[in-house]
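Secondary and tertiary structure notes
Take a look at the letters that make up each chain.
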Amino acid sequence: MNIGFDAKRALFNRSGLGNYSRSTIRLLSHFYPENKYYLFTAKNNQELFQPSGNQFIVEPEQGLSASFPSLWRSWGIHLMNHRKLDVYHGLSNELPWSIKRTGIKSVVTIHDLIFLRYPEYYPLIDRLIYSFKFRHACRVADKIIATSEATKSDIVAFFGTDPQKIEVVYQTCDPVFRIPIDDTKKEHVRKKYDLPEKFILNLGTIEKRKNALTLIKAYLNENIEIPLLIAGKPTAYLAEINKYLEQNPAGDRIIFRHSIESADLPALYQSASLFVYPSVFEGFGIPILEAIYSGVPVITSNGSCFAETGGDAALYCDPFDIEQIGHSIAKVLNEPKTRKSMIEKGFLHGRIFDEMNVAANLMKVYCDL
């Protein structure tokens, strides 16, 4: 089978959509090496992903396509149908406008519709662009992959899509998180980022939807002594957090780190006493799975996709209930049996997301087409 992918995110995006794209390409080419995988990209950048073996980069040809690469990605990709693709998979919420003209079967992964469910978190222009692209992709795709049952429900509710057209295929995360990190490496990472020996971890972009301020309020209200580390790329939301901390000083108990290298994440997770992720809404919540794989107990939000990702291994709270979040943190830190049980259940629940299972579910979607 010849399978094409929109590889823009795989080659240029360092976070969620990029990780999903790279993981998908890697898993399929590993477990199904008999296929050829064509990575369509308007520009070639192999800093994040280097194709090998059965993977082939496809760039715009000379002329108009090369002069306007972004237009080629959206409109000119039909010129590439001489690759004799069996399936083309849009890995990040969109498909080329001309995909129907190719006669190639198409699949699109829709990660979430948060911009419709919580529009207040997005600028108007972004919402308009996303809505236009996502609706088009869901309309023209032969099959839609949703990363959770929660996302599938949103696609049906907001776009009126036939549920039979949608398959739920869960993500996985890098197996490196399952590899135990020795104490020497953990200490090296703690020193590198000037971290204490024990800390509570919150990881992800520091934006309003991720809800770090509520976590901080819960942490201070419960008077937790173990430091709280909030690690992630800052946004304007950080100013709101800092304003609160000016009025409610926490001393050195709350730590911010904004540039954690990907290679250090496994050691960071495995050094944490607890992972707390009170996000308002996610399409899948990959940090929850990374923490579970790392053997760290998880507290996250109820609703959305969180129970799908965390299963019976996590504790769930109302993301706006300060007292409930604080009490849950104290419970996990102060009850060794609860902590041990959560970790054990996490290892069992994590098997659902094993790489072989994810790859097989993706390939089934292609073969069924």
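See the structure printed just above.
Figured I'd write up the structure that's included with this text. The numbering scheme is per chain: residues are counted from 1 as the chain's sequence reads. Predicted model: local features are reported for residues with pLDDT of at least 70 only, side-chain atom pairs are reported and counted for 80 or more only, and whole-chain, interface and lining totals are derived from all residues. Note: side-chain values were computed over all heavy atoms of the structure, leaving out hydrogens and water.

**Looking at the overall build of the protein**
Rule in force here: Going along the chain from the N terminus, every DSSP run of H or I of four or more residues is numbered as a helix, and every run of E of two or more is numbered as a strand. Our radius of gyration looks at C-alpha atoms and nothing else; its globule reference is 2.2 Å times the residue count to the power 0.38. Each residue gets one of three labels from its accessible area relative to the maximum for its type: buried under 20%, exposed over 50%, partly exposed in between, using a 1.4 Å probe on protein chains only. For this analysis, residues touch if any pair of their heavy atoms sits within 4.5 Å.
Along the backbone of the protein there are 17 helices and 13 strands. Over its C-alpha trace the protein gives a radius of gyration of 21 Å, about what one expects of a compact globule, namely 21 Å for 369 residues. Principal-axis analysis of the C-alpha atoms places the extent of the protein at approximately 65 × 45 × 40 Å. Taken over 369 residues, the protein has a buried fraction of 54%. Sequence separation of 24 or more characterises 67% of the internal contacts of the protein that already satisfy a separation of 6 or more.

**A few points about the sheet that holds strand β10 (residues 254-257)**
Operational definition: Pairing between strands requires that DSSP locate at least two bridges from one strand to the other. Axis lines are fitted to C-alpha atoms, over the contacting stretch for helices. Their N-to-C directions set the angle, which ranges from 0 to 180 degrees.
Taken in spatial order, the six strands line up as β10-β9-β8-β11-β12-β13 in an open sheet, and their pairing is parallel. In the strand order of this sheet, the two ends are held by β10 and β13 (315-317), each with one partner. Across this sheet, the average inter-strand angle for adjacent strands is 25 degrees, counted without regard to direction. Two elements, strand β11 (residues 274-277) and strand β12 (residues 298-301), share three bridges in a ladder whose sense is parallel. Residue pairing in the sheet places Phe 275 in a bridge with Val 298 of β12. The strands touched by helix α13 (residues 286-293) within the sheet are β8 (200-203), β11 and β12, with β11 carrying the most contacts at an inclination of about 170 degrees.

**A few points about the nonpolar core**
As a reminder, the rule being used: By nonpolar core we mean a set of buried residues, namely Ala, Val, Leu, Ile, Met, Phe, Trp, Tyr and Cys, connected to one another through side-chain atoms within 4.5 Å.
One finds Leu 201, Leu 229, Leu 268 and Phe 275 to be the most contacted residues of the largest nonpolar core, which totals 31 residues. The element that contributes the greatest number of residues to this core is α13, accounting for five residues. Grouped together as the second largest cluster of nonpolar side chains are 29 residues, Ala 212, Leu 215, Ala 218 and Cys 317 included.

**Regarding the pairing of strand β4 (residues 87-90)**
Across the two faces of β4 the burial is the same, with Val 87 and His 89 and Tyr 88 and Gly 90 all buried. Relative to β4, strand β1 (residues 2-6) is paired through three bridges, and the arrangement is parallel. Looking at the pairing, Phe 5 lines up with His 89 of β4. In this sheet, strand β5 (residues 105-110) lies alongside β4 in parallel orientation, the contact comprising four bridges. When the bridges of β5 are listed, Val 87 appears paired with Lys 105.

**With respect to the sheet that holds β4**
Pairing in this open sheet of seven strands is parallel, and the strands run β3-β2-β1-β4-β5-β6-β7 from one edge to the other. For this open sheet the edge positions go to β3 (55-58) and β7 (166-168), each flanked by a neighbour on one side alone. In this sheet, adjacent strand axes meet at a mean angle of 25 degrees when their direction is disregarded. Of the strands in this sheet, β5, β6 (143-146) and β7 are in contact with helix α8 (residues 149-159), which crosses β7 at around 165 degrees.

**What about the packing of helix α10 (residues 212-221) against helix α15 (residues 322-334)?**
The relative placement of two packed helices comes down to the angle between their axes together with the axis-to-axis distance. Applied cut-off: Handedness of a crossing follows from how the near helix is turned relative to the far one, being left-handed for an anticlockwise turn of less than a right angle and right-handed for a clockwise one. Each residue gets one label: Ala, Val, Leu, Ile, Met, Phe, Trp, Tyr, Cys and Pro are nonpolar, Asp, Glu, Lys and Arg are charged, and the others, such as Gly, are polar.
Direction vectors running N to C along α10 and α15 enclose 65 degrees, while the axes themselves pass 8 Å from each other. Two packed elements cross with a definite hand, and for α10 against α15 that hand is right-handed. Along its contact with α10, which presents Thr 214, Leu 215, Lys 217, Ala 218 and Asn 221, the element α15 presents Ile 322, Glu 323, Ile 325, Gly 326 and Ile 329. Within the contact of α10 with α15, the residues separate by chemical class into five nonpolar, three polar and two charged.

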